[in-house]
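Each chain, letter by letter, is given below.
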Amino acid sequence: MSPRSSVTPVLASGAGSVVKLLVATLAFTGAYVGVEASRDASGESRANATAGAPVQTVSLSAEAVPVTTDAIPASGKLTVSAITGTQGCAKPYRVQSVIENADPEGVVSYGWRLERWSAAGKSWRVYMTSGSAFTGRSETVEWEPRIVDNPGWYRVKLSVDGGDTMLSEKFQVSC
């Protein structure tokens, strides 16, 4: 059997898959465009479809509204909270703060540092870092570091360009 004859079936099956994917994509796109075209800009067709349906009134009480524990911190404060519902020794945390920008036209860059206490060195050592930036008057910034299989004492530092640094309370991770 020649090398060329052994490659031909592979190429043919690959080309067949590409053609099938192309046909499926075109069919989906055509169906989507057809549905969108059948609606007018005001949503009148949707309103006409539900015109005969009975109206059901729903009222909410204070007990029906879920209470969130992740309140947005005040400007200049840093909060750390464990994200619940995880199992094993992978511990995700949510860190939040509000950063004010004195110049809304300018860019504010900031960096996160998760630090772990080193008993041997008797100092805080960098464990994980991240950074970002934004424009505008103020921004609620959030970071979700994940600590896997490494129990100990941790804290988070948020450094904002211009010299402002916020430090969280220390917290313990255990498995």
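So, here's what we can say about the structure. (Residues numbered from 1 in each chain as written. Predicted model: local features only at pLDDT ≥ 70, side-chain atom pairs only at ≥ 80, totals over all residues. Heavy atoms only, no water.)

**A closer look at the pattern of salt bridges**
Oppositely charged side chains can form a pair if their charged atoms are brought close together.
Next up, step 1: Tallied over the entire structure, the rule returns five salt bridges.
Next up, step 2: Between Arg-94 and Glu-144 there is a salt bridge, with its nearest N and O atoms 3.1 Å apart. With Arg-94 in strand β2 (residues 90–100) and Glu-144 in the loop between β5 (138–143) and β6 (146–148), this residue pair connects regions lying 50 residues apart in the sequence.
Next up, step 3: Put simply, Glu-115 and Arg-155 hold a salt bridge, and the shortest N to O gap is 2.7 Å. In this pair, Glu-115 is assigned in strand β3 (residues 107–118) and Arg-155 in strand β7 (residues 152–160), connecting sequence segments 40 residues apart. Arg-155 shares its class with Glu-115; the two are buried.
Next up, step 4: A network of salt bridges, in which partner residues are shared, links Arg-113, Glu-115, Arg-155 and Lys-157. (Salt bridge = Lys/Arg side-chain N within 4 Å of Asp/Glu carboxyl O. Helix = DSSP H or I, 4+ residues; strand = E, 2+ residues; numbered from the N terminus. Buried < 20%, exposed > 50% of the residue type's maximum accessible area, 1.4 Å probe, protein only.)

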